[in-house]
Amino acid sequence: MTVWDDLVGQEKVSELLDAAARDADALVTAAAADAPPPEASKMTHAWLFTGPPGAGRNQAARAFAAALQCVSPDRALGGTPGCGFCDGCHTTLVGTHADVSTVAAVGAEILVKDMRDTVRKSFTAPANGRWQVILVEDAERLNEKSANAVLKAVEEPAPRTVWLLCAPSIEDVLPTIRSRCRHLTLRTPPVDAVADMLVRREGIEPDVAAAVARATQGHVDRARRLATDPAARERRASVLKLPLRLDEVGHCLKAAQQLVDAAAEDAKQLAEEMDGKETEELKAALGAVQGGRLPRGTAGVMKDLEDMQKRRRTRTQRDSLDVALGDLTGFYRDVLALQFGSRVAMANTDAEEAVERVAQASSPESTLRRIEAVAACREALDRNVAPLLAVEAMTMALRAG
């Protein structure tokens, strides 16, 4: 199983990255033998991966990073870099390779202090890998200062350093940065391809795989979670019942509170899994004595960790709310398709009765206004409006139609 097997429905992108990985391997081999580099190469020092949510931008970038670090002996016999089994591939895919640095937004933005050490590392030679790889998972969240730091590093990269930036669209990245990157656009994976992946890789029953792939409209990560997590399916079922519970103002406010509380619970569960472990690991690294007492002068470091964890909880809550809003958008899209008599396949077959009830009780114009209300809520959350206020405004607008 090669590293490209994780790229669902991205055959063209896989081919381009595979060719670039081969050329990158040839460049390293030539340098080791003091031979001249190949005249023509598809390899470059900076890449920009764009595509809609669920297309697999981060997975594509990480697969490419693994191929760049591949140390399989089969390469000497003409094998393709990215075997998926060697130490270079494995440690890159699981996130432990010493020469692959990953930067992701903890809160709403990637701050310059989060980038400082990574930018500094980008100017060094790889320690034991073949390339120094910097993977920025949320390039659209770079603020002005952190984006300028990345720009300087991309303008004058070290010879064996590769930047891999991921963003929803090319417009989300500064023109000065994107002009120095090779751009790859990923598409939304076909529903059938996602279902096939769930059957092959996760052992999901074919009918269940087809249902969750259709419900998530090709979003690979959400389809995998729905297929493997009963709690996620319960939360989604609750969200799809929300349009039927908005007959009174009080019910609207109650539904909004429940939606926000569910997202907060998601964030709390993640925090319980990660925060305690991170705190104990940092205390051990700082040399905390038995009983948990920290050495003098380390309080600021612990405060920085607490601030980072707080920002991550906030973002997790907003991300969870965004998933719920995506489910609502899909629900009303099905309503609109039914009202227009469209032959588009219904995404939410498990909520068909609710879709039909809402479609019969409203007009296409009101359905469009409801879709716009959900979109307005998502925009409000992006502007850091208090979640409860944004969701309450949405549920009231959904009731009005």
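Residues numbered from 1 in each chain as written. Predicted model: local features only at pLDDT ≥ 70, side-chain atom pairs only at ≥ 80, totals over all residues. Heavy atoms only, no water.

**A closer look at the overall build of the protein chain**
Next up, step 1: Of regular secondary structure, the protein chain possesses 15 helices and five strands.
Next up, step 2: What you see for the protein chain is a C-alpha radius of gyration of 24 Å, in line with the 21 Å of a compact globule of 401 residues.
Next up, step 3: C-alpha atoms of the protein chain, sized along the principal axes, occupy 75 × 60 × 40 Å.
Next up, step 4: Relative to its 401 residues, the protein chain shows a buried fraction of 45%.
Next up, step 5: Look at the contacts in the protein chain between residues 6 or more apart in sequence, and 72% of them connect residues 24 or more apart.
Next up, step 6: Here the protein chain has roughly 20,300 Å² of accessible surface; of this, 52% comes from carbon and sulfur atoms.
Next up, step 7: In the protein chain, which carries 51 positive and 58 negative side-chain charges, the distance between the mean positions of the two groups comes to 3 Å. (Helix = DSSP H or I, 4+ residues; strand = E, 2+ residues; numbered from the N terminus. Rg over C-alpha atoms; globule rule 2.2 N^0.38 Å. Buried < 20%, exposed > 50% of the residue type's maximum accessible area, 1.4 Å probe, protein only. Contact = heavy atoms within 4.5 Å. Areas by Shrake-Rupley, 256 points an atom, 1.4 Å probe, with all protein chains shown as cover. Lys, Arg positive; Asp, Glu negative; His and termini not counted. Charge placed at Lys NZ, Arg CZ, Asp CG, Glu CD.)

**Details of the nonpolar core**
Next up, step 1: Counting 34 residues, the largest nonpolar core has W4, W47, F49, F64 and L164 as its most contacted members.
Next up, step 2: Elements with a contribution of two residues or more to this core: α1 (11-32), β1 (46-50), α2 (57-68), β3 (132-136) and β4 (161-167).
Next up, step 3: The biggest single contributor to this core is α2, with eight residues.
Next up, step 4: Those residues in contact with W47 that sit more than four places away from it in its chain are L17, A20, K42, F64, V162, W163, L164, L165, C181, R182 and L184.
Next up, step 5: Within the second largest apolar cluster, 32 residues are counted, among which are L246, A255, A324 and L325. (Core = buried A, V, L, I, M, F, W, Y, C linked by side-chain atoms within 4.5 Å.)

**A few points about the pairing of β4**
Next up, step 1: Where burial is concerned, most of β4 is hidden: seven out of the seven residues are buried.
Next up, step 2: Handedness of the crossover joining β3 and β4 through helix α5 (residues 144-155) is recorded here as right-handed. (Right-handed = clockwise from strand over helix to strand, strands pointing away.)

**Considerations on a negative patch on the surface**
Next up, step 1: Together, D261, E265, E272 and E273 make up a negatively charged patch on the protein surface.
Next up, step 2: Structurally, the position occupied by E273 is in helix α11 (residues 249-286).
Next up, step 3: The exposure class assigned to E273 is exposed, which follows from its relative accessible area of 58%. (Patch = residues over 30% accessible without salt bridge, like charges linked within 9 Å, V, L, I, M, F, W, Y side chains within 5 Å. Salt bridge = Lys/Arg side-chain N within 4 Å of Asp/Glu carboxyl O.)

**Quick notes on unusual backbone geometry**
Next up, step 1: A positive phi is found at Q217, a non-glycine position, where the angle reads about 55°.
Next up, step 2: Tracing the sequence through the fold places Q217 in the loop between α8 (206-215) and α9 (220-228).
Next up, step 3: On the accessibility criterion, Q217 (36% relative accessible area) is partly exposed.
Next up, step 4: Positive phi, normally seen in glycine, also occurs at N384, with a value near 65°.
Next up, step 5: Here N384 is to be found in the loop between α14 (364-382) and α15 (387-400).

**Regarding the packing of α2 against helix α3 (residues 87-94)**
Next up, step 1: For the pair α2 and α3, interaxial distance at closest approach is 8 Å and the crossing angle is 155°. The angle between the axes of α2 and α3 places the two elements in the roughly antiparallel class. Between α2 and α3 lies a crossing whose hand is right-handed. Across from R62, A63, A65 and A66 in α2, the residues of α3 making contact are C89, T92 and L93. (Axes fitted to C-alpha atoms, helices over the stretch in contact; angles between N-to-C directions. Parallel < 35°, antiparallel > 145°, perpendicular 65-115°, else oblique. Left-handed = near helix turned anticlockwise from the far one by under 90°.)

**Here we look at the sheet that holds strand β2 (residues 100-103)**
The strands that make up a sheet are held in pairs by hydrogen bonds between backbone atoms, and each pair lies either parallel or antiparallel.
Next up, step 1: With parallel pairing, the five strands of this open sheet are ordered in space as β2-β3-β4-β1-β5. At either end of the open sheet lies a strand with only one pairing partner, and these are β2 and β5 (182-185). Strand-to-strand twist of the sheet, defined as the mean angle between neighbouring strand axes without regard to direction, takes the value 15°.
Next up, step 2: Where β1 meets β4, five bridges bridge the pair, whose relative direction is parallel. Bridge pairing in β4 places F49 opposite C166.
Next up, step 3: Contacting β1, β2, β3 and β4, α2 runs over the sheet at an angle of about 165° to β4. (Pairing = 2+ DSSP bridges.)

**A few points about the pattern of salt bridges**
Next up, step 1: Scanning the entire structure with this criterion turns up 15 salt bridges.
Next up, step 2: Where E202 meets R224, a salt bridge forms, and the shortest distance between an N and an O atom there is 3.0 Å. Note that E202 is positioned in helix α7 (residues 191-202) and R224 in helix α9, a separation of 22 residues in sequence.
Next up, step 3: Residue classification places E202 among the partly exposed positions, given a relative accessible area of 32%.
Next up, step 4: A salt bridge links D334 to R333; its shortest N-O distance comes to 3.1 Å.
Next up, step 5: Residue D334 is classed as buried on the basis of its relative accessible area, which comes to 2%.
Next up, step 6: Each member of the salt-bridge network shares a partner with another, and the members are E202, D221 and R224.

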